[in-house]
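This is what each chain is made of:
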Amino acid sequence: KDVDVVIAITPAVLKSLISKYGSVELKDYGKTLTADNITEVLQMEVEQGHDKTEGKDPKTILSSLGNSLIGILATKNVSELVDLSNEFKDLVAKRQVLFYTNSYGLAQAFKRSGMDGSTVSFSGDYFMVAEDNISIDKSSAFIDRVLKRKVTVSEDGSVSIDVKISRTQNRQKDLPYVDPKGGFTYLIKENKSLIRFALPKASKIQFDKNQIDIQKVNSELGYDMYEFRSELNPLVESDYSFSYQPPYKISLFTNKLVLDSYIQLQNGGWPYRLENSIQVPSGWRLNGSNVSPVEQKDGYVLYDNIVDKDIFLNFNYAR
């Protein structure tokens, strides 16, 4: 059927609705979904449930849940729905809700509202990392993620950025089941993912091929896209490091120095810990920043926080 708009949501949206309005009983499946069990119950039903056993669409349970939630929303008054819209805006900001349409007018409206999921155009220090689970074991919900970036500005204004991506599957092998098509296995066993990241176009990247195999994928919208493979065993931290030089220099000829960075969350992305540090030549002092907390020590400043949406970092220095 032809449709005017497609709305894509993640389980975070379903969890938000259930947290607000209470548990949902799916009588056809004999399941009661709560904010605490929704991820495991849905994934287990999709992998080994009645629909998959009978050769039907294994994700039919999502339609049943969606209809139940729509029925709940239909009973709410206007003030309750207005209150819900504020949470919905937050989920949009976290890239957990996306809109698509082939109508130019609607598409532009979605873009202006930040609902289209497009890559942000930024002329300075831009970085985005995304992941795609490529194994049968769907353990992405059980991974701790850390992104460390050390930005160093040299005396001549050139910039080098060291990156370390850490990923840890935080749960033991768990949730055994019998896949009707694949036999006995575990929902949480190991994780195999493609990690893709974007850098300003023409950046010079360096890495140790014995530690990480990074391949350039393509270029789009002013960015170069790279990817590498990540394989995680339960409770074992895996680290991936590389460095790059963006194709620009920072002006150090005035008494003011402004460093801006834009770090974009992938669509449907998971929260992660961001440790972003900046080191500038001696003689400069930090006057202020648009984020907190910011720690200053050993000649650099550090922003260390949990990130669940796009983040713009601004640091102002003076001689």
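Residues numbered from 1 in each chain as written. Predicted model: local features only at pLDDT ≥ 70, side-chain atom pairs only at ≥ 80, totals over all residues. Heavy atoms only, no water.

Draft legend 1. Representation of the overall build of the protein. For the protein, the helix and strand inventory stands at 6 helices and 20 strands. When the backbone C-alpha atoms are referred to their principal axes, the protein occupies close to 70 × 50 × 35 Å. A burial count over the protein gives 41% of its 319 residues as buried. By sequence separation, contacts in the protein at least 24 residues apart represent 69% of the contacts at least 6 residues apart. For the protein, the exposed area adds up to about 17300 Å²; of that, 49% sits on carbon and sulfur atoms. (Helix = DSSP H or I, 4+ residues; strand = E, 2+ residues; numbered from the N terminus. Buried < 20%, exposed > 50% of the residue type's maximum accessible area, 1.4 Å probe, protein only. Contact = heavy atoms within 4.5 Å. Areas by Shrake-Rupley, 256 points an atom, 1.4 Å probe, with all protein chains shown as cover.)

Draft legend 2. Local environment of the pairing of strand β18 (residues 294-297). Summarising the sheet, β18 and strand β19 (residues 300-307) pair through 4 bridges and their orientation is antiparallel. Its bridge partner lying in β19, K297 is registered against Y300. A loop of 2 residues connects β18 with β19, the two strands running antiparallel in sequence, and D298 in this loop sits at a positive phi of about 55°. (Pairing = 2+ DSSP bridges.)

Draft legend 3. Inspection of the environment of Y303 at higher detail. Secondary-structure assignment places Y303 in strand β19. The exposure class of Y303 is buried, given its relative accessible area of 6%. In this structure Y303 touches L274, E275, N276, V291, S292, P293, I311, L313 and F315, once residues within four positions along its chain are discounted. A distance of 3.3 Å separates the side chain of Y303 from the side chain of N305, its partner in a polar contact. (Polar contact = N/O pair within 3.5 Å; in protein donor to acceptor, adjacent residues only side chain to side chain.)

Draft legend 4. Main features of the sheet that holds strand β7 (residues 159-169). Spatially, β11-β14-β7-β6-β16-β19-β18 is the arrangement adopted by the 7 strands of the open sheet, whose pairing is mixed. Two strands bound the open sheet, and with one partner strand each, they are β11 (204-206) and β18. With direction set aside, neighbouring strand axes in the sheet form an average angle of 20°. (Axes fitted to C-alpha atoms, helices over the stretch in contact; angles between N-to-C directions.)

Draft legend 5. Spatial organisation of the packing of aromatic side chains. Following the criterion strictly, the structure yields 12 aromatic pairs and no others. Measuring from centroid to centroid gives 6.1 Å for F122 and F312, while their planes differ by 70°, and the two rings are edge-to-face. One end of the pair, F122, is in the loop between α6 (104-112) and β5 (125-133); the other, F312, is in strand β20 (residues 311-318), with 190 residues separating them in the sequence. Look at F197 and F242: their rings are 4.4 Å apart centre to centre, the planes differ by 15°, and that puts the pair in the stacked class. Within this pair, whereas F197 is found in strand β10 (residues 191-200), its partner F242 is found in strand β14 (residues 237-245), the two being separated by 45 residues in sequence. In this structure, F197 and F242 share a single accessibility class: buried. Put simply, the rings of F127, F197, Y226, F228, Y240, F242 and Y244 touch in pairs and so form one group of aromatic residues. It is R171 that lies over the ring of F142; its NZ or CZ is 5.0 Å from the centre. (Phe/Tyr/Trp six-rings, centres within 6.5 Å; stacked < 30°, edge-to-face > 60°. Lys NZ or Arg CZ within 6 Å of the ring centre and 35° of its normal.)

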